[in-house]
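# Examining the three-dimensional arrangement
Here are the chains, one letter per residue:
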Amino acid sequence: MAPNMPMAYWAEDATSLIASLKSRRGGLSSEEAAGRLRSYGANSVDDSKGTGPFRLLGRQFESPLVLVLIFGAALSFILQQWTDAGIILVIVVTSALLGFYQEYKASAALLELRQRLALTAKVMRDGKTVSLPAADIVPGDIIQLSAGNLVPADGLVLTATDFLVTEASLTGESMPVEKRPGVVAADASIGRRTNCAFSGTSVRSGLATMLVVNTGSTTALGDVAKSLGTAEPETEFARGIRQFGYLLVKVMIVMVLFVLTVSQLMGRPLIESLLFAVALAVGMTPELLPAIVTVTLSTGARTMAKQGVIVHRLEALENLGSMDVLCTDKTGTLTEGTVTLAAALDLDSLESADVRHYAYLNSVFETGIENPIDQAIVEAGQNAGLTISDYVKIDEIPYDFVRKRLTIVVQNGQNAKTRLIITKGSFKAILAVCSHARTGGKDMPLDAATKNRLQALLDQNGDEGFRVLAVATRDAPTQPDYDIKDERDMVFVGFLLLADPPKIESKKAVADLSALGIRLKIITGDNQQVAVHVAKAIGLSVRNILTGPEISLMKDEALAVRADKADLFVEIDPQQKERIILALQKRGHAVGYMGDGINDAPALHAADVGISVDQAVDVARQSADLVLLKRDLDVLRLGVESGRRTFANTLKYISITTSANFGNMISMALVTPFLPFLPLFAKQILLNNFLSDIPSIAISTDNVDAELAKKAERWDVREVKRFMIVFGLVSSVFDLITFTLLLKVHVAGEAEFQTAWFVVSLLTEIAVVFSLRTRMLAIHSRPSTPLMLVTLVISAIAVAIPYIGPLARLFGFVALPPPMIVALLLIVLGYILATEATKHWFYKA
């Protein structure tokens, strides 16, 4: 809270509060605001320390195995084993710096992408209204709020017009709360502070100006964040990696204890045995996994940004790859999104100047939610020469998604004794408040026959693809204000026909999504006729349709079954969207939801992948995982393909690295009891592990087989475990062949054995990348150029190390005779052929 501010600022009148903050109705000057920004800091509840460079660097050393290695190196220093200690530290530090560089680079790239989605707010500065990043708002600022905005800070409402705010994020209250200027009791709970708006809440309708009092972590939202923590919910992919990590830890503990026990029983030095056992465990650990996953996902995010998709939450890429159902409204996504008023008709289906005029007055005076329908009506009225010069707006009953209508009260001339109530909305919503209908210039009672005739007109125009709204009016006496109880005894005067034709390319986009295994479902508040017309035009099935009234009568279990079969959901209330998403998830689907309106936030949160557009209202854009810069399903298709490639490359690293490491470590554990010396020194294992990890960084750039991008993949820890065991054991078989060759044929000594096995294990780990990176024959799938180049360089280093004198002596290697090199290369070739054969069986099984 700002200094010199009363704790209960909601109990202060606006004038004294403005004075306390040393502000004014015209807002702060730019210089004052800059000074306060330096004093109070950015308006954000995020802990930026969590992704800072020092935090990322420190995270590289959080692994217990790395800490044990550092401890072992320290012991080596104490025992004056300078070379071994230095080598271990150099490899550990180099690995940490490599991971840090990759993660920091990825984090910086992601931050740059997210800044493109940063919230802005209308702020009074230097006496003018300007649009500024919400992060730059400071106490004392005067901001303007309108429907669809997220409130960027806590403050006192100065002026308000039909200002309704949704505070569910703070109070749990799902219904919007009206805010208005005034003073409330100092002990009022947050839900009763009707003169305040709070950070993180959303404006449902109306307009307001607000004096900012608290920003960033001092807001009510900041208090909640500090008490609950701000960690994102764990994704299915992250949960799978964590469970897989537990499996590796169990295997490592057994292996380390076994090797350490055997080494001690054989009388080997304790420090040497301990370092060997720990290095063995490290060798099995994919310690670069956090960096590789971050790099791979951020590479995918940058690729998607170039295609017009901004990733708001990096983890969403994992779910995007597995998405098999996409739910979306039709407006702007499947249709052109450019709404036009095609006609204003009376009850005889004739063009009516009166109906057009009533609709114009209703839309032009509306101050709530900006929407293309009102914009189309106002534009059509202006083109027809309509004005508001003779009318004064008296009151407004804002649109809401329960009533589904908007009412404006106007007065024709300052001294008129009566006022005119004009209401427009959905056909059923208007019909429900009407007692008469105007036909032939006369107001007649609204009997059953007239209702049937109106329904027939609605169906006829709906079948032609028009969205149809109804208009009603009535004269009303002068009174202080008006509310929904005044929406009664109205006269049904006519229809508005709105055109929004399907996009030409929508049919192809729907077919392309279907080819990717993604089923499109339309969820719309429009009536059945309009939805069916659009669905037929884009090639979507219309056999299975669910309506909002039908859903309201269903239990969740029944809805899950029906929703799975349905392709069209029509006349849907906003709260039903979330129910539909949850029902589809219960059927085992990974569901994407695409929305851009105020009422879409709950569904965006519930979906596995929430998708919005750059032009969406704040609350929808900030709720989404992905934001499209262009409202186009083809852009989303490109994003899905990119997401699937990213997911596939992440799984490549996990599967290939763990299976190769698992095989090598099992082999070493098996051979250790039968050798009079260690199969590899700790420093040699660490060097092997370090060099084999370098090509893994390039996996994020790798090409992905076309068939993998055409189907949804989901994280399956059992499948990864099976992959690790099967291909790890294949590796172990060839390791045992290598041991037999070295001990029985060549009768290798300690240094020669360790050198030969270092070379062959490193070559097999690198070569197998080319085989296991694809499900096809390796020769039929081309790796990316970076992956190929890095792999070839590391392979050359593996063969050359024993012949580089100083380096060889440092690590205890010796030059190998040419016949042994040939034999080792033949083993590597045999291993690749066996892996190809096993791969064929594995993916057929």
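The structure reproduced in this document is the subject of the present report. Position numbers for residues count from 1 along each chain, tracking the sequence in the order it is written. For this predicted model, a pLDDT threshold of at least 70 governs which residues receive local features, and a threshold of 80 or more governs which side-chain atom pairs are given and counted, while totals over whole chains, interfaces and linings are taken from all residues. Side-chain figures throughout are based on the complete set of non-hydrogen atoms in the structure, without hydrogens or water.

### Quick word on the packing of helix α24 (residues 682-697) against helix α27 (residues 750-772)
- A fitted line through C-alpha atoms serves as each axis, taken over the contacting stretch for helices, and the angle formed by two N-to-C directions is quoted from 0 to 180°. Only runs of H or I of at least four residues qualify as helices and only runs of E of at least two qualify as strands under DSSP, and these elements are numbered from the N terminus. It is at 10 Å that the axes of α24 and α27 come closest, and there the two elements cross at 20°. Between α24 and α27, the angle is such that the two are roughly parallel. Crossing hand, α24 versus α27: right-handed. Across from Gln-684, Leu-687, Asn-688, Leu-691 and Ser-692 in α24, the residues of α27 making contact are Gln-754, Phe-758, Ser-761, Leu-762 and Glu-765.
- Only Asp, Glu, Lys and Arg are considered charged in this grouping, and only Ala, Val, Leu, Ile, Met, Phe, Trp, Tyr, Cys and Pro are considered nonpolar; every other residue, Gly among them, is considered polar. Here the residues of the contact of α24 with α27 are counted per class, giving four nonpolar, five polar and one charged. We call two directions roughly parallel when the angle between them is under 35 degrees, roughly antiparallel when it is over 145, roughly perpendicular when it lies between 65 and 115, and oblique otherwise. Left-handed describes a crossing in which the near helix is turned anticlockwise from the far one by less than a right angle; the clockwise case is right-handed. Pairs of residues are marked as contacts when any of their non-hydrogen atoms sit within 4.5 Å.

### Things to note about empty space enclosed by the protein
- Using protein atoms alone on a 1 Å grid, points that fit a 1.4 Å probe yet trap it form a cavity, whereas open point sets bounded by protein on both sides within 12 Å along at least five of seven lines form a pocket; residues with an atom within 4 Å of a point count as lining. Grid points are joined across faces, edges and corners, and a volume is the space filled by probe spheres set on the points. Scanning the entire structure with this criterion turns up four cavities of 30 Å³ or more.
- What lines the largest cavity is simply Ile-656, Thr-657, Ala-660, Asn-661, Ser-692, Asp-693, Pro-695, Ser-696, Glu-765, Ile-766 and Val-769.
- At the level of secondary structure, the elements contributing two or more residues to the lining of the largest cavity comprise α23 (633-671), α24 and α27.
- Here the residues of the lining of the largest cavity sort into five nonpolar, four polar and two charged.
- Of the volumes computed, that of the second largest cavity is approximately 80 Å³.

### Some thoughts on the nonpolar core
- Only buried Ala, Val, Leu, Ile, Met, Phe, Trp, Tyr and Cys residues count toward a nonpolar core, and they belong to the same one when joined by side-chain atoms within 4.5 Å. Whether a residue is buried, partly exposed or exposed follows from its accessible area with a 1.4 Å probe, protein chains only, as a fraction of its type maximum: under 20%, in between, or over 50%, in that order. Formed by 64 residues in total, the largest nonpolar core has its most connected members in Met-668, Leu-687, Leu-691, Phe-753, Phe-758, Phe-813 and Leu-816.
- Elements supplying a minimum of two residues to this core: α8 (236-265), α23, α24, α26 (717-745), α27, α28 (785-800), α29 (805-811) and α30 (818-844).
- Ranked by the residues each element gives to this core, the list is headed by α27, at 13 residues.
- Core analysis: the next-biggest nonpolar cluster, separate from the first, contains 63 residues, Leu-317, Val-510, Met-554 and Ile-572 among them.

### Describing unusual backbone geometry
- Backbone geometry places Lys-22, a non-glycine residue, at a positive phi of 55°.
- Inspection of the secondary structure assignment puts Lys-22 in the loop between α1 (14-20) and α2 (30-40).
- Classification of Lys-22 by relative accessible area gives exposed; the value is 59%.
- Even without being glycine, Asp-489 reaches a positive phi, approximately 50°.
- Here Asp-489 shows up in the loop between β16 (467-477) and β17 (490-499).

### A closer look at the pairing of β17
- The element β17 is extensively covered by neighbouring structure, given that ten of its ten residues are classed as buried.
- Pairing of strand β10 (residues 340-345) with β17, which is carried by five bridges, proceeds in the antiparallel orientation. The partner of Ala-343 across the bridge, within β17, is Leu-497.
- When strand β14 (residues 434-439) meets β17, the two strands line up parallel, connected through three bridges. Opposite His-436, over in β17, you have Val-491 as the bridge partner. Strands pair, by our definition, only if DSSP identifies at least two bridges between them.

### Regarding the pairing of strand β22 (residues 609-613)
- Of all five residues in β22, five are buried; the element is thus mostly enclosed.
- Residues Val-609, Ile-611 and Val-613 of β22 are buried on one face, and the alternating residues Gly-610 and Ser-612, pointing to the opposite face, are buried as well.
- Pairing between strand β21 (residues 591-594) and β22: three bridges, direction parallel. When the bridges of β22 are listed, Gly-592 appears paired with Val-609.
- Direction of pairing for β22 relative to strand β23 (residues 626-628): parallel, over a ladder of three bridges. Pairing of Ser-612 across the sheet is with Val-627, part of β23.

### Quick look at the sheet that holds β22
- Taken in spatial order, the eight strands make up an open sheet running β8-β23-β22-β21-β9-β18-β20-β19, and their pairing is mixed. Only two strands of the sheet have a single neighbouring strand rather than two, namely β8 (309-311) and β19 (545-547). Strand after strand, the sheet turns through a mean of 20° between neighbouring axes, direction not considered.
- With two bridges joining them, strand β18 (residues 519-523) and strand β20 (residues 568-570) adopt parallel strand pairing. Residue pairing across strands places Ile-522 opposite Leu-568, the latter belonging to β20.
- Relative to β20, helix α17 (residues 528-537) is tilted by about 155°, and along the sheet it contacts β18, β19 and β20.

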